[in-house]
Amino acid sequence: MPPRMRRTQAERSARTRDALLDASIRMLHAHGYGATSLLLITDAAGVSRGAMLHQFPTKADLMAFVVESVYAEELQQYPRLLAGAKDQEEMLLAFPEALWKVLSRPSGVAVLEILQGSRSDPALAEKVLPIYDRIEQDSLGNVSRSTAVDPALLVPMVRLVVWAIRGLSVAKTIHPDLEPTPAAVTLLRDLLKAGLDTRLLAVGADKGSRA
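Sequence positions are assigned chain by chain, starting from 1 and proceeding in written order. Local features are withheld for residues below a pLDDT of 70 in this predicted model, meaning they are given only at 70 or higher, and side-chain atom pairs are given and counted only at 80 or more; totals for whole chains, interfaces and linings count all residues. Only hydrogens and water are set aside; all other atoms, that is, all heavy atoms of the structure, feed into the side-chain values.

Draft legend 1. Representation of the overall build of the protein chain. Where helices and strands are cited, they refer to DSSP runs of H or I of at least four residues and of E of at least two residues respectively, numbered from the N terminus. Of regular secondary structure, the protein chain possesses nine helices and zero strands. Counting helices and strands in the order they occur from the N terminus, the protein chain gives α-α-α-α-α-α-α-α-α. Overall, the C-alpha framework of the protein chain stretches about 70 × 45 × 35 Å when taken along its three principal axes. Per-residue accessibility, obtained with a 1.4 Å probe over protein chains only, is compared with the maximum for each type, and a residue is labelled buried under 20%, exposed over 50%, and partly exposed between these values. Considering the protein chain as a whole, with its 211 residues, one finds that 42% of them fall into the buried category.

Encoded structure:
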């Protein structure tokens, strides 16, 4: 029997970080930010406190890692979910359901728990709010490039849709039997369609003709 290959330090570190990421998401989704302690996370991850502290000296450091990692994974989901859109209008109308499918997952709820926790945790706020600001700017850029939506309406529209979906994701944790695609998500799509039909919203070449 050939000898087992020993993992390198980098491989061990990556495995520890992956375990802590998975455990953090599960515990935040199940218990919320306030009740999710480092001890709870390390127990769920099956790693020692020392191993965790070697990677993340503080809870805020770990939570910042969660936000960054979840966003990186979410970016991989949107192209697949929006691939069926034939033009810029269809792309815009597909956003509410795509956001719901991504943000209502445990990882999306976990990030929302972290953001809410930053209200009463200055150390956490210092770490994660700049990250979230960057994520929002990236998101605005992605929506702008894919739909060319009227710049005057880009920020309020994206914030309205994203935070409506985040609110619905909280509702799903309270009512797990919520329908797979809530009627509110469909209504958001219909409201965007009404905005396009009435020229309140405009995308692409239609931007200049908005009344």
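Draft legend 2. Layout of the packing of aromatic side chains. Here the aromatic set is Phe, Tyr and Trp, taking the six-membered ring for Trp, and pairing holds for ring centres within 6.5 Å; pairs whose planes are under 30 degrees apart are stacked, those over 60 apart are edge-to-face, and all others are tilted. For the structure shown, the criterion picks out two aromatic pairs. With a centroid separation of 4.9 Å and an interplanar angle of 35°, the aromatic rings of F56 and F65 are classed as tilted. If you follow R17 out to its NZ or CZ, it ends over the ring of F65, 4.6 Å from the centre. The lysine or arginine in question, R166, covers the ring of W163, its NZ or CZ lying 5.5 Å from the ring centre. Charges are assigned to positions over rings by a cutoff of 6 Å between ring centre and Lys NZ or Arg CZ, combined with an angular limit of 35 degrees from the ring normal.

Draft legend 3. View of the environment of V102. Assignment of secondary structure puts V102 in helix α5 (residues 88-103). Judged by relative accessible area, V102 falls into the buried class, the value being 2%. In contact with V102, not counting residues within four places along its chain, are E74, Q77, Y78 and L81. Any pair of residues with heavy atoms lying within 4.5 Å of one another is described as a contacting pair.

Draft legend 4. Spatial organisation of the packing of helix α8 (residues 151-174) against helix α9 (residues 183-197). Angles run from 0 to 180 degrees between N-to-C directions of axes, and those axes are lines fitted to C-alpha atoms, restricted for helices to the stretch in contact. Interaxial distance between α8 and α9 falls to 10 Å at its minimum, and their mutual angle equals 170°. As far as their axial angle goes, α9 and α8 are roughly antiparallel. Note on element contacts: α9 touches α8 through A184, V185, L188 and L192, opposite M157, V161, A164, I165 and L168. Residues of the contact of α8 with α9, tallied by class, amount to nine nonpolar, no polar and no charged. By definition in this entry, angles of less than 35 degrees are roughly parallel, angles greater than 145 are roughly antiparallel, angles of 65 to 115 are roughly perpendicular, and the rest are oblique. Three classes are used, and their members are as follows: Ala, Val, Leu, Ile, Met, Phe, Trp, Tyr, Cys and Pro are nonpolar, Asp, Glu, Lys and Arg are charged, and the others, Gly among them, are polar.

Draft legend 5. Expanded view of the pattern of salt bridges. Here a salt bridge means any side-chain nitrogen of Lys or Arg lying within 4 Å of a carboxyl oxygen belonging to Asp or Glu. Applying the stated criterion to the full structure yields seven salt bridges. Ionic pairing is found between R26 and D22, a salt bridge with its closest N-O pair at 2.9 Å. A residue pair is termed a helical-turn pair when its members lie 3 or 4 positions apart in one helix, as R26 and D22 do in helix α1 (residues 9-31) at four residues. Of the charged contacts, one joins K101 and E97 as a salt bridge, the two residues approaching to 3.5 Å between their closest N and O atoms. With K101 and E97 both in helix α5, this residue pair falls four residues apart, about one helical turn. A relative accessible area of 43% means that K101 is categorised as partly exposed.

Draft legend 6. Layout of the nonpolar core. What is meant by a nonpolar core is a set of buried Ala, Val, Leu, Ile, Met, Phe, Trp, Tyr and Cys residues, joined one to another through side-chain atoms within 4.5 Å. Of all hydrophobic cores here, the largest spans 58 residues; its most connected members are L20, L62, M63, L92, I114, M157 and I165. Of all the elements in the fold, those that place two or more residues in this core are α1, α2 (38-45), α4 (59-81), α5, α6 (106-117), α7 (122-147), α8 and α9. The greatest single-element share of this core, amounting to 10 residues, is contributed by α4. If we skip the residues at most four places from it in the chain, I165 touches P96, L99, W100, L103, V185 and L188.

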